[in-house]
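The chain contents come next:
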Amino acid sequence: MKAISKYFIAFVAGSCLLTSSCKKALEEKPYSFYSPENFYKNESDAKAAINGVYNELYTYDLYMQPFWNMTILDDDHVSGADWFLGTTGAGNPQAYFGWDRPWVGCYAIIARANTVLENVVNITDIDPTSRTESWAKPTF
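Within each chain, residue numbers correspond to sequence positions counted from 1 in written order. Restriction of local features to residues with pLDDT of at least 70 applies here, the model being predicted, together with a cutoff of 80 or more for giving and counting side-chain atom pairs; totals for whole chains, interfaces and linings are based on all residues. Values shown for side chains rest on all heavy atoms present in the structure; no hydrogens or waters enter the calculation.

J.: Can you tell me about the overall build of the protein, naming the residues and giving the values?
T.: When you go through the protein residue by residue, the secondary structure sums to nine helices and zero strands. Going residue by residue from the N terminus, the α and β elements of the protein occur as α-α-α-α-α-α-α-α-α. Only protein chains enter the area calculation, which uses a 1.4 Å probe; residues under 20% of their type maximum are buried, those over 50% are exposed, and those in between are partly exposed. When the 140 residues of the protein are sorted by exposure, 23% land in the buried category. Should any heavy atoms of two residues lie within 4.5 Å, those residues are considered in contact. Intrachain contacts of the protein at a sequence separation of at least 6 include 56% that bridge at least 24 residues. Using a 1.4 Å probe, the Shrake-Rupley method yields the accessible areas, and only the shown protein chains count as cover for residues. Split by element, the accessible area of the protein, about 10,700 Å² in all, is 62% carbon and sulfur. Here a strand is any run of E in DSSP of at least two residues, a helix any run of H or I of at least four, and the numbering for each starts at the N terminus.

J.: Describe the side chain of Asp 45, with residues and values.
T.: Note on placement: Asp 45 falls in helix 4 (residues 43-55). A residue counts as positive if it is Lys or Arg and as negative if it is Asp or Glu; His and the chain ends are not included. Any carboxyl oxygen of Asp or Glu within 4 Å of a side-chain nitrogen of Lys or Arg constitutes a salt bridge here. Buried Asp 45, no salt bridge; nearest opposite-charge side chain is Lys 41, N-O distance 6.8 Å. Within 3.5 Å is the distance limit for a polar contact, defined as a pair of N or O atoms, with the added protein rule that one can donate a hydrogen and the other accept it, and that residues adjacent in sequence qualify only through two side-chain atoms. From its side chain, Asp 45 meets the backbone nitrogen of Lys 41 in a polar contact 3.1 Å long. Those residues in contact with Asp 45 that lie beyond four places of it in its chain are Phe 39 and Tyr 40.

J.: How would you summarise the environment of Glu 118 if you had to cite specific residues and measurements?
T.: For Glu 118, the position within the fold is in helix 8 (residues 101-120). Separated by 82 residues in sequence, Glu 118 and Pro 36 place their C-alpha atoms 9.1 Å apart.

J.: If you had to explain the pattern of salt bridges to someone new, which residues and values would you point to?
T.: Evaluation of the coordinates by the stated rule reveals three salt bridges. For Glu 43, the salt bridge goes to Lys 47, with nearest N and O atoms at 3.7 Å. Taken together, the positions of Glu 43 and Lys 47, both in helix 4 and four residues apart, correspond to about one turn of that helix. For Lys 47, a relative accessible area of 46% translates into the label partly exposed. Salt-bridge contacts for Arg 112 lead to Glu 56; the nearest nitrogen and oxygen are separated by 3.2 Å. With Arg 112 in helix 8 and Glu 56 in the loop between helix 4 and helix 5 (60-64), this pair connects stretches of sequence that are 56 residues apart.

J.: Let's hear about the packing of helix 8 against helix 9 (residues 128-139): which residues, and what values?
T.: Remark: helix 8 packs on helix 9, axes separated minimally by 9 Å, with the N-to-C direction vectors making an angle of 155°. Here helix 9 runs roughly antiparallel to helix 8, going by the angle between their axes. Classified by chirality, the crossing of helix 9 by helix 8 is left-handed. Within the contact between the two elements, helix 8 uses Ala 113, Val 116, Leu 117 and Val 120 and helix 9 uses Arg 131, Ser 134, Trp 135, Pro 138 and Thr 139. Axis geometry follows a simple rule: fit a line to the C-alpha atoms, using only the stretch in contact for helices, then measure angles between N-to-C directions, giving values from 0 to 180 degrees. For this classification, under 35 degrees means roughly parallel, over 145 means roughly antiparallel, 65 to 115 means roughly perpendicular, and everything else is oblique. Rotating anticlockwise by less than a right angle from the far helix to the near helix defines a left-handed crossing, while the corresponding clockwise rotation defines a right-handed one.

J.: I'd love a proper account of helix 8, names of residues and values included.
T.: It helps to recall that an α-helix has 3.6 residues per turn; residues three or four apart then point in one direction. Compared with an ideal rise of 1.5 Å per residue, which puts 20 residues at 28 Å, helix 8 spans 28 Å between its outermost C-alpha atoms and is within 8% of the ideal. Every buried residue of helix 8 is listed here: Pro 102, Gly 105, Ile 109, Ala 113, Val 116, Leu 117, Asn 119 and Val 120. How far a helix is expected to stretch is found by multiplying one less than its residue total by 1.5 Å.

J.: If you had to explain the side chain of Glu 56 to someone new, which residues and values would you point to?
T.: On the accessibility criterion, Glu 56 (7% relative accessible area) is buried. Within polar-contact distance, the side chain of Glu 56 engages the side chain of Arg 112 at 3.2 Å. In contact with Glu 56, other than residues within four places in its own chain, are Asp 61, Leu 62, Gly 105, Ala 108, Ile 109 and Arg 112.

J.: Summarise the packing of helix 4 against helix 8; cite the residues concerned and give the values.
T.: Put simply, helix 4 and helix 8 touch, their axes get as near as 8 Å, and they point 165° apart. Classified by the interaxial angle, the pair formed by helix 4 and helix 8 is roughly antiparallel. Judged by the sense of rotation from one axis to the other, the crossing of helix 4 with helix 8 is left-handed. Counting all contacts with helix 4, which are made through Ala 46, Ala 49, Ile 50, Gly 52, Val 53 and Asn 55, the residues of helix 8 involved are Ile 109, Arg 112, Ala 113, Val 116 and Val 120. Residue composition of the contact of helix 4 with helix 8, by class: eight nonpolar, two polar and one charged. Under the grouping applied here, Gly and all other residues not named as nonpolar or charged are polar, the nonpolar ones being Ala, Val, Leu, Ile, Met, Phe, Trp, Tyr, Cys and Pro and the charged ones Asp, Glu, Lys and Arg.

Encoded structure:
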């Protein structure tokens, strides 16, 4: 009986510790994570965001590999047998393993540009000319 009461007391004490919480202890403070709410503060942040939009152009999704394979490998002077170029060179670019990557890259650029457009207007520490420029670049 004494052993059961020890386990029962330990169970109740553990349950109380696990179920009780302090609201202040559960609030998150981002120290190393950038979100749109804590990133856009000044002019240099706006320029960095614009560079992030342009950075997506030179990724694997767009101009590094699949884009060129999709557009060039199906030309007449490049087309060849299935065993050499796979089905891409045989007139069937949809069979290429990266056929969806250029679309993913384009929509990633659109998403980044939309994020810049939503948040640049809320920056208070920015020159009006830079604000207009930061608005115009992703709009174009």
